[in-house]
Amino acid sequence: MSYANLTPIDDMSGCPFPFFDEPPIYKIYNDGGHYIATRCVRSQLKPVPHNKERTEIDILFDSLYTAAMQDGLKGDEMTAYIKAGILLLFPNYPALDKYIADKIERKQHNLYARKKRFRRKANLNRWNYFVTFTYDDGKHDEYTFRAKLRKCLSNLHTRRGWRYMGVFERAPETGRLHFHGLLYIPDGEHIGTITEKTDYSTAQGKMQTTHENDFFQKAFGRNDFEELNEMELKHGQTLNYLLKYIGKTGERIVYSRGIPTEIYRKLNDDEIVTEMQDFGTKYILFDNVISWERDIMHFKHKQMSIIDLICNPPQTALTA
């Protein structure tokens, strides 16, 4: 492979420094098996503004769409349910069928984008626990549980370097709110004591083993800290389990700060295994090209133009 084959989409006209004197800059993510790179273009680093205000019918549609998702409705059944609900309050809304079709298509596109972002964050970053938190009625209701757990995890991120990503969901049988997520806890930054416990699960109808942290037990209630390794995360059911709730409940994903979806850095020819075509040209990298400590752990995304990146290049990854 030669640099002649890696011609950028944007020719960088106006940049005072020669582009091809340096290795090009790539956006890099992990697909769960390999590091994948694409050539940077200026538009990839610019935020897209969203200024459209939601109307009353938009709010109603969102409510009906969420209810339809929770009831497992799809296709024509979902469309009919939403249309019937809107007609009760907006009987003369013009072009209602097109409005509903466009909104459903946008919702499905946004869900796909959220799931893709979640997968890329999970695959690119390092995790060592899959956790479940359930609140005790004597300590919280679902509103204080949601707020105080998020605050607790945020404090642990700031003070001890914990990273987390996950989603709140309701148990299908009871409707009880709990939280499932991934944690990265740096060495020496644990709190509480984790104890293995075996008890009978009425929901599953069998004995189960959990690993309960006494700090979270006292603060919130039942919890389970299940240790993860990289192979379990990438080849097991952990991500699919979490993604199922993202699509079904419409809950917003909870992220700590500093979890990149992708990173940006220069690449040389000898770091690229091969190229492939997948809605554009992409490059598969050797596994040892990207280092967690050097390239990912301290990465901070800056909204910069591609010319800024090339004219003021970083030494390795783009860090603050």
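Structure shown above.
Attention in this report is confined to the structure presented alongside it. Counting starts from 1 at the beginning of each chain's written sequence and moves along it residue by residue. A pLDDT threshold of at least 70 governs which residues receive local features in this predicted model, and a stricter bar of 80 or more applies before side-chain atom pairs are shown or counted, although totals over entire chains, interfaces and linings include all residues. To obtain the side-chain values, all non-hydrogen atoms of the structure were used and water was disregarded.

1. Comments concerning helix H2 (residues 75-89)
Relative to the 21 Å expected for 15 residues at 1.5 Å per residue, H2 spans 22 Å between its end C-alpha atoms, a close match to the ideal helical length. What H2 keeps buried is the set Met78, Ile82, Gly85 and Ile86. In a view along the axis of H2, the buried residues occupy a sector of 95°, so they form one face of it. Turned more than 90 degrees off the buried face of H2, the exposed positions are Asp76, Glu77 and Leu88. Looking at the buried side of H2, the elements it contacts are helix H1 (56-70) and helix H3 (96-124). Numbering goes from the N terminus for both helices and strands, where a helix is a DSSP run of H or I of at least four residues and a strand is a run of E of at least two. What a helix should span is 1.5 Å times the count of its residues minus one. Only protein chains enter the area calculation, which uses a 1.4 Å probe; residues under 20% of their type maximum are buried, those over 50% are exposed, and those in between are partly exposed. Arc definition: directions from the helix axis to the C-beta atoms. Whether two residues are in contact is decided by their heavy atoms, any of which lying within 4.5 Å being enough.

2. Details of the pattern of salt bridges
By convention in these notes, a salt bridge is any Lys or Arg side-chain nitrogen within 4 Å of a carboxyl oxygen on Asp or Glu. Following the criterion strictly, the structure yields 14 salt bridges and no others. Close ionic contact of lysine 197 with glutamate 212 constitutes a salt bridge, the shortest N to O distance being 2.7 Å. On the criterion of sequence distance, the pair formed by lysine 197 in strand S6 (residues 194-201) and glutamate 212 in strand S7 (residues 206-213) is long-range, its members being 15 residues apart. Looking at glutamate 212, the relative accessible area reads 11%, which means it is buried. A salt bridge links lysine 282 to aspartate 278; its shortest N-O distance comes to 3.4 Å. Bridged by salt links that share partners, the residues Arg265, Glu271, Arg294 and Asp295 form one connected network.

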